[in-house]
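Residues per chain are reported as follows:
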Amino acid sequence: MPGRLEPEPIGRRDFLGLAGWWSAGIAIVGSLLGMARLPKPRVLDEVSARFRLGAPSDFPPGTDTEIAGRNVRIVSNQEGIRAMSLICTHLGCIVGREADGGFSCPCHGSKFDPEGEPTAGPAPRALTWLAVSQSADGTLIVDKDTEVSAEEVYHV
Amino acid sequence: MESGLNRLWTNVKALPRNVRDSVMRHGAPTSDRARSQAVFGNFFLHIHSVRVHPRSLKLTTTWALGVSLVSQFVILTVTGVLLMVYYNPSVELAYDSIKDFQYVVPTGRFIRNIHRWIAHMMVATMILHMARVFYTASYKAPREFNWVLGMFLFVLGLAFSFTGYLLPWDQLAFWAITIGANIAASPNELAAALDLPKAFYIGDIQKEILLGAGSVGQGALTRFYLLHVMVLPIIFVAGLAVHIWRIRKDGGLAHPGGNRTAAGKGVGTSDARPLTPAEQPKKTYGLMAVVAGTSPHTGKDLDETVSAWPSLLRAELAVFMATMLIAVALGLIADAPLREIANPMVPENPAKAPWYFLGLQEMVSYSAFVGGILIPAVVVIGLGLIPYLDREPEPSGVWFSGPRGRRIMGWTVVFATITAVLSVAIPVKFGWLRNWYPDISQLVIIVFNPGSLLTAAYALWSLVVIMRTRSTRLGAIALFTCFLVGFLILTYVGTYLRGPNWDFYWSQADWPVH
Ligand code: HEM
Ligand code: FES
């Protein structure tokens, strides 16, 4: 009928059939989405990223120490203390110290200068500097989750 | 009463025969007809067609690569199940349980060797099988989808190896998976270079789903074990079943003259013309006449074909036995490697992935995102699309599509070799953008690196070939040959010419001693 805006009527059986297909489809997709949520962990169970370094006197100015088992390097000078992560910013291998004071990565050949700036290879960023703080009893604490700028020095 | 007992007795006497008949619906396979029925009526055998072209059975048609792959998968499944008897997927015990296979479990070392070596062999065979299908143009209609399925199985096969690699929990395992997981996180590199907000760091989500944690630990081992022994095998078997079943539905193996009919069904006659009544099959093999319009292989060229039983089954058994022989020989000759137990503090130097990923490791050593995600995705999708982009009708089953194809292939090998060698030699000799312009933006390095330039050169070369020859098939030959040559050369470089810190060395003897 020309001029009428009403849609074509749909047969009862067709309607029920379509409704059936759509509800089955939505139910299946919905449950798939629900299941897809499961593998993504809500909390990451991991050892705390904060660890106790020791007394400030263990790191007198002018020292440059690598902390065994933590993949962290502690640089101390007159101004204070800084902590640098030794985890390569490319794909997570552990960088090693070179004779010139810089670092190089065994996995894909990234090279860094002593300040952690990349000089060659695929690493997209400088090695990260980590936040240093002090607990109530004076022990130094490094937080591997908190990144700071290379200029930030912790004054003891 | 009595007659009841009699009947029971008769049934008891007939028991063996009746049980047999209830399982198998056909008589003893003594006649051609009975053998065909056996293949057609058997759940496992009916994945074959009933009759095959003798050409399909010739070694030079397939080099037996596909059936060998199935055999290797069977061997991997059996040895894998045996390994599961003692393997313990926990970070405390995994390494020790592999050690037990080496020194305590009876035949343990032998079984583990076979599992490891056949896993390597399977990757190599997949590549060879893909090359044979490609160079004989066997991906053309109606077989496009089976090529796509094959690519899917190829990716699954690599996933098998990747997940299996973590299970021994040794140094090799730990660092290979650490790198792999960080590659999954590497879209972050792009997000960071573009200064996008944190919400765009999808890499973190991918990595967490893969590892179940922020770094490789028990969560990762549990997930990889689950994938390796459960999820991947189920998906793989389903994909494999369709892959093989499609061969029959697509009209058997591609051969010149064996051509397409509507929907590729019932292929086997030499032309697509419907059969005249006089040509209609006189003999039909039960249901087979109903399945396809022209019944499969029972048409007029019946005389050209041979029965799948025994010809095909015999060939398959021969390939399986040969594969077994290789497996046993490898298992006896060489021991599967096992490094020191995983140490999250000290990576191996150099830390190398398994050989088939070393080409990728080369690429990743330019940019994690481009080399580890973008280029592999482009390659897999590009190869998968070949049958849809090259639709030139041409006789399938001819190696290299004749002399023109061979010539294009020769030139492509030359071009692809030179460019691949240059892509390695230039950065080794002269460094790359960051050495020249220390302050260059990371985005430029991500986009313009030896790996992405090499990929672009290959794509460009194929386009040039298409333009010059006006043939998409020749363009496809150029593209696929580039892929093979690039893969081989980068794999060679990664395997033999890279030493500590991924530096370039002509031989391992030149490596610095620490
Ligand atoms: C489908 C059945 C399979 C099962 C049940 C299975 C099971 C296992 C188990 C329990 C391990 C740990 C033992 C060990 O590391 O030696 C393992 C390792 C491994 N699997 Fe599998 N696997 C199967 C298929 C495959 C396939 C198809 C591939 C490759 C294409 C593969 C590649 C590997 C690799 C590379 C390892 C490490 C081997 C080693 O370190 O010795 N597996 N598999
Ligand atoms: S992880 Fe350091 S260069 Fe790749």
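Given the structure is predicted, the values throughout are model-derived calculations rather than measurements.

Rules behind the numbers
Residues numbered from 1 in each chain as written. Chains lettered and ligands numbered in written order. Predicted model: local features only at pLDDT ≥ 70, side-chain atom pairs only at ≥ 80, totals over all residues. Heavy atoms only, no water. Disulfide = S-S within 2.5 Å. Helix = DSSP H or I, 4+ residues; strand = E, 2+ residues; numbered from the N terminus. Buried < 20%, exposed > 50% of the residue type's maximum accessible area, 1.4 Å probe, protein only. Salt bridge = Lys/Arg side-chain N within 4 Å of Asp/Glu carboxyl O. Donors = N, O, S within 2.8 Å, 3.2 Å for Na, K, Ca; no water. Tetrahedral: all angles 85-135°; square planar, octahedral: opposite > 155°, others 65-115°. Contact = heavy atoms within 4.5 Å. Buried area = accessible area lost by both parts, 1.4 Å probe. Polar contact = N/O pair within 3.5 Å; in protein donor to acceptor, adjacent residues only side chain to side chain. Pairing = 2+ DSSP bridges.

(A) Structural context of the state of the cysteines. Residue and element names in this part refer to chain A. Within the structure shown, the criterion is met by one disulfide over all chains. The disulfide partner of cysteine 93 is cysteine 107, and the gap between their sulfur atoms is 1.9 Å. When the S-S torsion is -85°, as for the bridge of cysteine 93 with cysteine 107, the disulfide is left-handed. Highlighted residues: cysteine 93 in the loop between strand E4 (80–85) and strand E5 (96–97) and cysteine 107 in the loop between strand E6 (103–104) and strand E7 (111–112), separated in sequence by 14 residues. A relative accessible area of 1% means that cysteine 93 is categorised as buried.

(B) Just the pattern of salt bridges, in detail. In total, this model carries 15 salt bridges over all chains according to the counting rule given. Between A:Glu147 and A:Arg125 there is a salt bridge, and its shortest N-O distance comes to 3.9 Å. Of this pair, A:Glu147 sits in strand E10 (residues 140–148) while A:Arg125 sits in the loop between strand E8 (118–120) and strand E9 (129–134), placing them 22 residues apart in sequence. You can call A:Arg125 partly exposed: its relative accessible area is 37%. For B:Arg391, the salt bridge identified is with B:Glu144, shortest N-O distance 2.8 Å. With B:Arg391 in the loop between helix H16 (368–389) and helix H17 (402–430) and B:Glu144 in helix H8 (residues 144–166), the pair connects residues that are 247 residues apart, well separated along the chain. Residue class for B:Arg391 comes out partly exposed when judged on its relative accessible area of 49%. Through salt bridges that share partners, A:Asp64, A:Glu66, A:Arg73 and A:Arg97 make up one connected network.

(C) Highlighting the coordination of the iron atom of ligand 1. Residue and element names in this part refer to chain B. Protein coordination at the iron atom of ligand 1: the donors are His115 (NE2) and His228 (NE2), at 2.1 Å from the metal. Each of the six donor atoms bound to the iron atom of ligand 1 contributes to angles spanning 82 to 179°, and the resulting shape is octahedral. Here the residue histidine 115 occupies a position in helix H7 (residues 108–135), and histidine 228 occupies one in helix H12 (residues 218–249), the gap between them amounting to 113 residues. Histidine 228 carries the same exposure label as histidine 115, and that label is buried.

(D) Quick peek at the interface of chain B and chain A. Listed as interface residues are 33 residues of chain B and, on the opposing side, 28 residues of chain A. Of the roughly 2400 Å² buried where chain B meets chain A, counting both sides, 57% is carbon and sulfur surface. The largest contributions to the chain B side of the interface with chain A come from B:Met345, B:Arg434 and B:Asn501, which together make up 25% of the buried area. At the surface where chain B touches chain A, the tally comes to two salt bridges. Inspection of the region where chain B meets chain A yields six residue pairs in polar contact (both at pLDDT 80 or more). Elements that contribute at least two residues to the side of chain B that touches chain A include exactly helix H9 (171–184), helix H11 (202–211), helix H15 (355–364) and helix H18 (433–436) of chain B. Element by element, the count of residues in the side of chain B that touches chain A is highest for H9(B), at five residues.

(E) Molecular detail of the sheet that holds E5(A). Residue and element names in this part refer to chain A. A sheet is described by the order of its strands in space; here four strands give the open sequence E5-E6-E7-E8, paired in antiparallel fashion. Here the strands that pair on one side only, and so sit at the sheet edges, are E5 and E8. Note: E6 against E7, two bridges, orientation antiparallel. Paired with phenylalanine 103 across the two strands is phenylalanine 112, which belongs to E7.

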